[in-house]
Amino acid sequence: MTNYANSMLQRGPNPVVGAYGGWRLFFGGTLLGGVLLAWAGAAPARDTCKMVQIAEVDVTMNGQQPLVAATINGHAVQMILDTGASKSLIWRSTAKELGLLLENLRGQFYGVGGSEQASSVFLDDFGFAGAHVRKLSVFAIGRGGPGDATAGVIGEDLLSSIDVEIDLSAGKVRMFKPKNCSGDEVVYWSNEFFMVPMQDLEADSGWPEAEVSLNGHTELVLFDTGAAFSAVSDEGLGLSGVTPETPLSDAGSTHGIGAKGVETKVAKFPQLIIGQETIQNVRLRIANLFGNDRAVETGSRIPRNVVENRPDMILGADFFRAHRVLIARSQGKIYFTYKGGPIFSAPPRQLAAPAPEAPPAAPAGEPPHN
């Protein structure tokens, strides 16, 4: 059983939360151009923080995948909300089902499980969160098939220019443009919270990354809603010298953007600290997350890592389901509050017949997790 020790930041009254007056997306003709959000609303007082909400999106969970509604050329589709994807894209099978013309590219997409050949496809209309983009060129990769519940991925090119609140257990994602907010006033739903500063972003990725402490060792972590389960890279463990408290046991395989499955192990670690949140006796998956992201350069026969400064750890949808999270790009910080229940899921082989599980108790002499 996982035990929790709790330490939270506190502050005074909550800020005003403003209703939005509409928003528009400008992409410069492509998803690669980034997002400009225009909003309209009542002007706040000069010294008053106002969280101007520009959109609220319903989220449904397909197993451990958070899905949001979108439209492609007027067709209603479901897409994965993926803060760990640097670019939004659709599956090649989706393009074929909708009768879209695919143009093969020389580029590759890399992620957990290796690489995928990229194609491009032209959309007459793409709709998301009440906004529409006309004449849009996007990437397509080879995942998906007949009967797939999803059409693609909403990635960081759509999300990284705004502050995004992710509340999976409540089935909501909210998007904000804070006005006159310089600190923790943005956590409008609670006076107690955790906070971790974001690290400088990987070039062209837009990933929300931060440093955490695992058994007293600093690890770089990616906050990744698109990953079903949280996991630690065995390469990251080896480089930092972190060792689990228990022997490794098999935990099945997982898949990411690449075609290859990745075998996972599971073991217990005495302590994980994320900002001011301390999680004790935590069972985490361990996998060679990015071992297949290698390519041979022209003039060389030696494969090299394609993605530099790769994260040592991923906090996936299991972490997000237990927390309410605000990725505050405007401040370079991630705020979060614990909502209850287990933070990290059991190994996949145990998910087929889950038993009812009571919230874990706090260790003796420590306050319960709020």
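Each chain has its residues counted from 1, running along the sequence as written. With the structure being a predicted model, the display of local features is reserved for residues of pLDDT at least 70 and the display and counting of side-chain atom pairs for 80 or more, all residues being used for whole-chain, interface and lining totals. Side-chain metrics rest on all non-hydrogen atoms present in the structure, leaving aside hydrogens and water.

### Some remarks on the overall build of the protein chain
Then, in step 1: Put simply, DSSP H or I for four residues or longer makes a helix, DSSP E for two residues or longer makes a strand, and each gets a number counted from the N terminus. Along its length, the protein chain carries 4 helices and 28 strands.
Then, in step 2: Taken across its 370 residues, the protein chain has 50% of its residues classed as buried.
Then, in step 3: We call two residues contacting when some pair of their heavy atoms lies within 4.5 Å. Within the protein chain, contacts between residues separated by at least 24 positions form 67% of all contacts whose residues are at least 6 apart in sequence. Three labels apply to residues, based on accessible area from a 1.4 Å probe with only protein chains included: buried if under 20% of the type maximum, exposed if over 50%, partly exposed otherwise in between.

### Thoughts on the packing of aromatic side chains
Then, in step 1: When two rings of Phe, Tyr or Trp (its six-membered ring) have centres within 6.5 Å they constitute a pair, described as stacked for plane angles under 30 degrees, edge-to-face for angles over 60, and tilted for the intermediate range. Applying the stated criterion across every chain yields a total of 8 aromatic pairs.
Then, in step 2: Both rings, one in phenylalanine 223 and one in phenylalanine 319, keep their centres 5.9 Å apart while their planes meet at 80°; by these two values the pair is edge-to-face. Of this pair, phenylalanine 223 sits in strand 19 (residues 217-223) while phenylalanine 319 sits in helix 4 (residues 317-321), and the two are 96 residues apart along the sequence. As far as burial versus exposure is concerned, phenylalanine 223 and phenylalanine 319 are alike and both buried.
Then, in step 3: Between the aromatic rings of phenylalanine 319 and phenylalanine 336, the centroid separation amounts to 5.9 Å while the plane-to-plane angle is 65°, which identifies the pairing as edge-to-face.

### Side note on the nonpolar core
Side chains that are nonpolar tend, in soluble globular proteins, to be buried together.
Then, in step 1: Take the buried residues of types Ala, Val, Leu, Ile, Met, Phe, Trp, Tyr and Cys, join any two whose side-chain atoms come within 4.5 Å, and each joined set is a nonpolar core. Within the largest apolar cluster, 64 residues are counted, with the highest numbers of intra-cluster contacts made by Phe126, Met175, Phe223 and Phe319.
Then, in step 2: Other than its neighbours up to four places away in sequence, phenylalanine 319 contacts Phe223, Ser230, Ile274, Glu277, Val325, Phe336, Ile343 and Phe344.
Then, in step 3: The next biggest cluster of nonpolar side chains, apart from the first, holds 13 residues, and it includes Phe176, Tyr188, Met195 and Tyr335.

### Comments concerning the state of the cysteines
Then, in step 1: The disulfide criterion is simple: two cysteine sulfur atoms within 2.5 Å. Scanning the entire structure with this criterion turns up 1 disulfide.
Then, in step 2: Covalent S-S linkage joins cysteine 49 and cysteine 181, the inter-sulfur distance amounting to 1.9 Å. The S-S bond linking cysteine 49 to cysteine 181 shows a torsion near 85°; that makes this disulfide right-handed. Residue cysteine 49 is found in the loop between strand 5 (36-37) and strand 6 (50-58), and its partner cysteine 181 is found in the loop between strand 16 (172-179) and strand 17 (192-197); the two are separated by 132 residues along the sequence. Here cysteine 49 and cysteine 181 have matching classes, each one buried.

### Here we look at the pattern of salt bridges
Pairs can form between side chains of opposite charge once their charged atoms are near each other.
Then, in step 1: Salt bridge criterion: a side-chain nitrogen from Lys or Arg within 4 Å of a carboxyl oxygen from Asp or Glu. Under the defined criterion, the tally for this structure stands at 11 salt bridges.
Then, in step 2: Aspartate 58 serves as the salt-bridge partner of lysine 172, at 2.4 Å between the closest nitrogen and oxygen. Here lysine 172 is found in strand 16, whereas its partner aspartate 58 is found in strand 6, with 114 residues between them in sequence.
Then, in step 3: Given the relative accessible area of 23%, lysine 172 is considered partly exposed.

### Some remarks on empty space enclosed by the protein
Then, in step 1: For each structure, a 1 Å grid was placed over the protein atoms alone; sets of points admitting a 1.4 Å probe that cannot get out are labelled cavities, open sets with protein on both sides within 12 Å along at least five of seven lines are labelled pockets, and lining residues have an atom within 4 Å of a point. Grid points are joined across faces, edges and corners, and a volume is the space filled by probe spheres set on the points. Summed over the entire model, instances satisfying the criterion amount to 2 cavities of 30 Å³ or more.
Then, in step 2: Each pocket or cavity is described by its volume, and for the second largest cavity that value is around 30 Å³.
Then, in step 3: Lining the second largest cavity are Thr83, Glu156, Leu159, Ile162, Val164, Ile327 and Arg329.
Then, in step 4: Think of it as three bins: nonpolar holds Ala, Val, Leu, Ile, Met, Phe, Trp, Tyr, Cys and Pro, charged holds Asp, Glu, Lys and Arg, and polar takes everything else, Gly as well. Residues that form the lining of the second largest cavity fall into these classes: 4 nonpolar, 1 polar and 2 charged.

### Things to note about the confidence of the model for the protein chain
Then, in step 1: Mean pLDDT for the protein chain: 77, with 68% of residues reaching 70 or above.
Then, in step 2: pLDDT gives the predictor's per-residue confidence on a scale running from 0 to 100. By mean pLDDT, the top-scoring element of the protein chain is strand 27 (residues 323-328) (98), and the lowest-scoring one is strand 5 (30).
Then, in step 3: Segment residues 20-45 is flagged for pLDDT under 50; beyond a separation of four residues in sequence, or across chains, it makes 63 contacts in the model.
Then, in step 4: Throughout residues 348-370 the model reports pLDDT below 50, and contacts reaching past four residues in sequence, or to other chains, amount to 39 contacts.

### Quick notes on the environment of alanine 267
Then, in step 1: When you line up the elements, alanine 267 lands in strand 22 (residues 262-274).
Then, in step 2: Separated by 21 residues in sequence, alanine 267 and threonine 246 have C-alpha atoms that sit 5.6 Å apart.
Then, in step 3: Apart from residues lying up to four places away in sequence, alanine 267 is in contact with Pro244, Thr246, Pro247, Leu248, Val282, Arg283, Leu284 and Ile286.

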